[in-house]
Each structure stands twice: as structure tokens, then as C-alpha cells.
Amino acid sequence: ECVETGIPGFVYNKKGFPLVFNINDELIQVAAIGVHGWETLFRGLIERYGEGGTVIIWFMGMDMGENSARRVMRLKGQFNCAERIKISLSRLQSLGWGKFEIAECDEDGKKIVIRVRDSLEELVTHDIEGYESNFLRGFLVGLISILFGKACRGTETKCVRKGDEFCEFLIR
């Protein structure tokens, strides 16, 4: 049942609750937070805790990336590491975090380059001076560390903020 609010373009679906993803026959409830909500969360952490806030954001991303990797490891079927990474990035993309592309993946050398276009994190932090993509970098480090089976480090090698056409992360 959709409800008209009387505001042009604003309709909501009451029967669509709860919003769920079916991942490996497991229904996972999700909740959407709009751009302004994410901006408030990032800005609040940074304004309250300064550099410590950016560290918290990185660890939140890393923890979520590790959790995502553990979930994708439980998928039924035979998937190699690169396929599991693609599945994880597709899930992140479907949640609105950006458009992801694996530019390079060397499973033997344990190195991957991931490009992100239309990054939600860039959108909500664009006017926070000196901010880097801490959440996404942390997420990707956590995800790849679990899937590669070793502790990894991540560097943002290209950034929209610096005039590049996409953000690029090197994880090794």
C-alpha cells in the first residue's frame, strides 16, 4: 500500500517494511539512511573528535568490511576470491555506496586496485576540509584482508577531491 503525502514526488510504501536483502537464503533487514543523515553522522564524529573521529570512521568501515567478507565466505557454490570480491562490491553498490570496478586483482601477490565512481562518502564529505575516504578505505581493507587471508593495508591513490575522475584504492 503506497501512501500519497500531498507533497509532489514524495510517496512511501507502508507494506515494504521491513526492507530486506536475500543473501544466500538469509533474509537480512536493511535500513536506508539518506545523504543528509550520512553527512550528519560523518560530520558529527569529526567535529566532536577531530582526527579521532576519522579513525573511528575507518575502524567502523574495517569492521563492516570484515563482516561482509565473512558473510560472502558462507555463500553456497564454488567462488574464487575475485568472484567473492565482486559479489561484495556489487552488494555495496546496490546499497548506494558508489559504482565499483576492480581495475586489477593479483590473488597470488595479494594485491587489488578498486575504483569507485559516484562515491556516497565523497558526496557527503565534500566540504569537510582534508577528509579522505576513511570509511570506504577501511571497508575495503577489512574485506580484502579476510578474503586474501592476511592483514592488508590500503591507500587511496586517486581521489575525486584532487581532480581525478574516480577514487582508486590500492589494497595489499
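Structure: see above.
Notes on the structure in this doc start here. (Residues numbered from 1 in each chain as written. Predicted model: local features only at pLDDT ≥ 70, side-chain atom pairs only at ≥ 80, totals over all residues. Heavy atoms only, no water.)

## A short note on the environment of Lys110
Which entries qualify depends on this criterion: Runs of E in the DSSP output that reach at least two residues are strands. Runs of H or I that reach at least four are helices, and both are numbered from the N terminus. Relative accessible area decides the class of each residue, using a 1.4 Å probe on protein chains only: under 20% of the type maximum gives buried, over 50% gives exposed, and in between gives partly exposed. Residue contacts are counted whenever heavy atoms from the two residues lie within 4.5 Å of one another. Polar contacts, as used here, are pairs of N or O atoms within 3.5 Å; protein pairs need one atom able to donate a hydrogen and one able to accept it. Residues neighboring in sequence count only if both atoms are side-chain atoms.
Positionally, Lys110 belongs in the loop between β5 (99-106) and β6 (111-117). For Lys110, a relative accessible area of 27% puts it in the partly exposed group. With 35 residues separating them in the primary sequence, Lys110 and Ser145 have C-alpha atoms 9.2 Å apart. Apart from residues no more than four positions distant in its own chain, Lys110 is found in contact with Phe148, Lys150, Ile171 and Arg172. Engagement of the side chain of Lys110 in a polar contact is seen with the backbone oxygen of Phe148, the distance being 3.1 Å.

## Notes on helix α2 (residues 51-73)
The condition that has to hold: In this scheme, a helix's expected span is set at 1.5 Å multiplied by one less than its residue total.
If you check α2, its first and last C-alpha atoms are 33 Å apart, about what 23 residues at 1.5 Å a residue would give, namely 33 Å. Within α2 the residues assigned to the buried category are Gly53, Thr54, Ile57, Trp58, Gly61, Met62, Gly65, Glu66, Ser68, Ala69 and Val72. As for α2, its buried residues are in contact with α1 (35-49), α3 (81-94), α4 (120-125) and α5 (134-148).

## Looking at the pattern of salt bridges
A pair can form between side chains of opposite charge whenever their charged atoms are brought close. The cut-off we apply is this: The working definition used for a salt bridge is a side-chain nitrogen of Lys or Arg within 4 Å of a carboxyl oxygen of Asp or Glu.
Under the defined criterion, the tally for this structure stands at 14 salt bridges. Here Arg70 makes a salt bridge to Glu66, at a shortest N to O gap of 4.0 Å. Separated by four residues within a single helix, Arg70 and Glu66 lie in helix α2, roughly one turn from each other. Residue Arg117 is joined to Glu165 by a salt bridge in which the shortest nitrogen-to-oxygen separation is 3.5 Å. Here Arg117 is found in strand β6, whereas its partner Glu165 is found in the loop between β7 (154-158) and β8 (167-171), with 48 residues between them in sequence.

## Focus on the sheet that holds β5
Applied cut-off: A pair of strands is treated as paired once DSSP finds two or more bridges between them. In this analysis an axis means a line fitted to C-alpha atoms, helices contributing only their contacting stretch, and an angle means the value between N-to-C directions, from 0 to 180 degrees.
The sheet built from four strands is open, its strands ordered β5-β6-β8-β7 with antiparallel pairing. Every other strand in the sheet has two partners, leaving β5 and β7 as the edge strands with one partner each. Each strand of the sheet is rotated relative to its neighbour by a mean of 25°, with strand direction disregarded. Both β6 and β8 contribute to a ladder of five bridges, which runs antiparallel. By the bridge assignment for β8, Val113 is matched with Leu170. Packed onto the sheet, α3 meets β5 and β6 and runs at close to 165° relative to β5.

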